[in-house]
Amino acid sequence: MTLVRRALATLAGATALVLLATTPAVADAGPPPSSMASLGDSITRGFNACGWYVDCTSRSFSTGDHSSVNSHYLRIRAVNPTIGGRNHNDARSGAKSADMYGQAGTAVSQGVGYVTMLIGANDACTSSESTMTPVGTFRANIDAALNRLKAGLPNARVLVVSVPDIHRLWYVGKGSGSARSAWSLFGICQSMLANPTSTQQADVDRRNRVRQRVIDFNTQLAQACAAYGPNCDFDDNAVFNYPFALSQVSTWDYFHPNTSGQAVLASVSYANGFGW
């Protein structure tokens, strides 16, 4: 019995060490920042949130200053007015994970204290399933960007936001003739949105594989952020899991968040971030 107890004690100790080694570092909020930058794609640019096929950076969930969105910037400004005017939107419409390294360099040159990154929709939303970014390539791109931020802004806080569930976009929009027309006319996210009313097994399987790619991207984002250390916080898939409605999507393309969608994105991502 003594040998058994010793063996169990040894096993318990080893298990504890494994758990300690694999538990991600807890994000350290620190004081509210006095400057910030946003990295990402058209979602972060507020594309189609205020006009026909234009960037609407004032309505960005991250660095915008439109009161109805109540962005991260405005929430931080409410508790730290010194951030006023130091909200840099470094995102670019059409960007993919490969563009994050360059955007990270811009944020470093701005010397900011807080960075948000939302990227991956364009890595999954492509002309066809075969042209999606491979998971390994996506991770390498994210690591490169985060390493550049860590080296250039060692004290900055970084919030990594999960990629929204584009399968849900298909689900809430497939019954809308206007949505289907926009998706087809503008060739939007055909990897997911092609043949939107089809129930053929091939189309069902394709949509599920594209959704899985987004899930895999989010897994890599979480792991990359954990490896970064306590200055990085992942939103724990809060944005991915949010059950957005078609009414929160632009009626010009039925893809990008409209003003109310940006407001929800701001609320959900901020609440699952550093919490200043």
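Thresholds applied
One numbering rule holds for all chains: residues counted from 1, following each sequence as written. Totals for whole chains, interfaces and linings use all residues, but because this is a predicted model, local features are given only for residues with pLDDT of at least 70 and pairs of side-chain atoms are given and counted only at 80 or more. No hydrogens and no water enter the side-chain calculation; it runs on all heavy atoms of the structure. A 1.4 Å probe that fits into a set of points on a 1 Å grid over the protein atoms alone but cannot get out defines a cavity; an open set with protein on both sides within 12 Å along at least five of seven lines defines a pocket, and lining residues are those with an atom within 4 Å of a point. Grid points are joined across faces, edges and corners, and a volume is the space filled by probe spheres set on the points. Helical segments are the DSSP runs of H or I of at least four residues, strand segments are the runs of E of at least two, and each set is numbered from the N terminus. In this classification, the charged set is Asp, Glu, Lys and Arg, the nonpolar set is Ala, Val, Leu, Ile, Met, Phe, Trp, Tyr, Cys and Pro, and all remaining amino acids, among them Gly, are polar. Stacked, tilted and edge-to-face are the three classes applied to pairs of Phe, Tyr and Trp rings, where Trp contributes its six-membered ring and a pair requires centres within 6.5 Å; stacked means planes under 30 degrees apart, edge-to-face means over 60, and tilted covers the rest. The buried label goes to any residue with under 20% of its type's maximum accessible area, the exposed label to any with over 50%, and the partly exposed label to all in between, with areas taken from a 1.4 Å probe on protein chains only. The criterion for a charge sitting over a ring is simple: Lys NZ or Arg CZ within 6 Å of the ring centre, and within 35 degrees of the ring normal. In this count, Lys and Arg are taken as positive residues and Asp and Glu as negative ones, while His and the chain termini are left out. Definition used for salt bridges: Asp or Glu carboxyl oxygen within 4 Å of a side-chain nitrogen of Lys or Arg. For this analysis, a polar contact is any N or O atom pair within 3.5 Å, provided that within protein one partner can donate a hydrogen and the other can accept it, and provided that sequence-adjacent residues contribute only side-chain to side-chain pairs. The contact criterion used throughout is that any non-hydrogen atoms of two residues lie within 4.5 Å. UniProt positions are given in the numbering used here, feature names are shortened, and annotations may be inferred rather than shown by experiment. This arc is taken over the directions from the axis of the helix to the C-beta atoms.

Applying the stated criterion across every chain, the model contains one cavity of 30 Å³ or more. Of the pockets and cavities examined, the largest cavity occupies roughly 310 Å³. As for the largest cavity, its lining consists of 17 residues, of which Pro 164, Phe 244, Phe 255, Pro 257 and Leu 265 are closest to the centre. Contributing elements (two or more residues each) for the lining of the largest cavity: helix H6 (166-173) and helix H11 (259-271). Split by residue class, the lining of the largest cavity holds 14 nonpolar, three polar and no charged.

Within the structure shown, the criterion is met by eight aromatic pairs. Measuring from ring centre to ring centre gives 4.9 Å for Trp 52 and Tyr 53, while their planes differ by 50°; the resulting arrangement is tilted. Here the aromatic rings of Tyr 53 and Phe 186 are separated by 5.1 Å at their centres, their planes lie at 40°, and the arrangement is tilted. Here Phe 186 lies in the loop between helix H7 (177-185) and helix H8 (190-193) and Tyr 53 lies in the loop between strand E1 (36-40) and helix H2 (72-79), a separation of 133 residues in the sequence. Take Phe 186: its relative accessible area is 34%, and that puts it in the partly exposed class. Put simply, the rings of Phe 47, Trp 52, Tyr 53 and Phe 186 pair up and form one aromatic cluster. Positioned above the aromatic ring of Phe 244, the side-chain terminus of Arg 168 is 5.9 Å from the ring centre. Lying across the ring of Trp 170, Lys 174 places its NZ or CZ 5.5 Å from the centre.

The next thing to look at is the side chain of Asp 235. Along the chain, Asp 235 turns up in the loop between strand E5 (232-234) and helix H10 (238-241). Despite its burial, Asp 235 pairs with no opposite charge; the closest candidate is Arg 211, at 13 Å N-O. Looking at Asp 235, its side chain comes within polar contact range of the main-chain nitrogen of Asn 237, at 2.9 Å. Every residue in contact with Asp 235, bar those within four places of it in the chain, is listed here: Val 160, Val 161, Ser 162 and Asn 272.

What follows is about the UniProt feature "domain: SGNH hydrolase-type esterase" (unreviewed entry) in the chain. Summarizing the sequence annotation, UniProt attributes the feature "domain: SGNH hydrolase-type esterase" (unreviewed entry) to residues 39-263 in the numbering used throughout. Its end C-alpha atoms 18 Å apart, residues 39-263 is made of 44% helix and 8% strand.

Here we come to H6. Within H6, the full set of buried residues consists of Ile 166, His 167, Leu 169, Trp 170 and Gly 173. On an axial view of H6, the arc spanned by its buried residues comes to 155°, and they lie on one face. Contacts made by the buried residues of H6 are with helix H4 (121-124), H7, H8 and helix H9 (201-228). Of the residues that open H6, the one with a side-chain oxygen 3.1 Å from the backbone nitrogen of His 167 is Asp 165.

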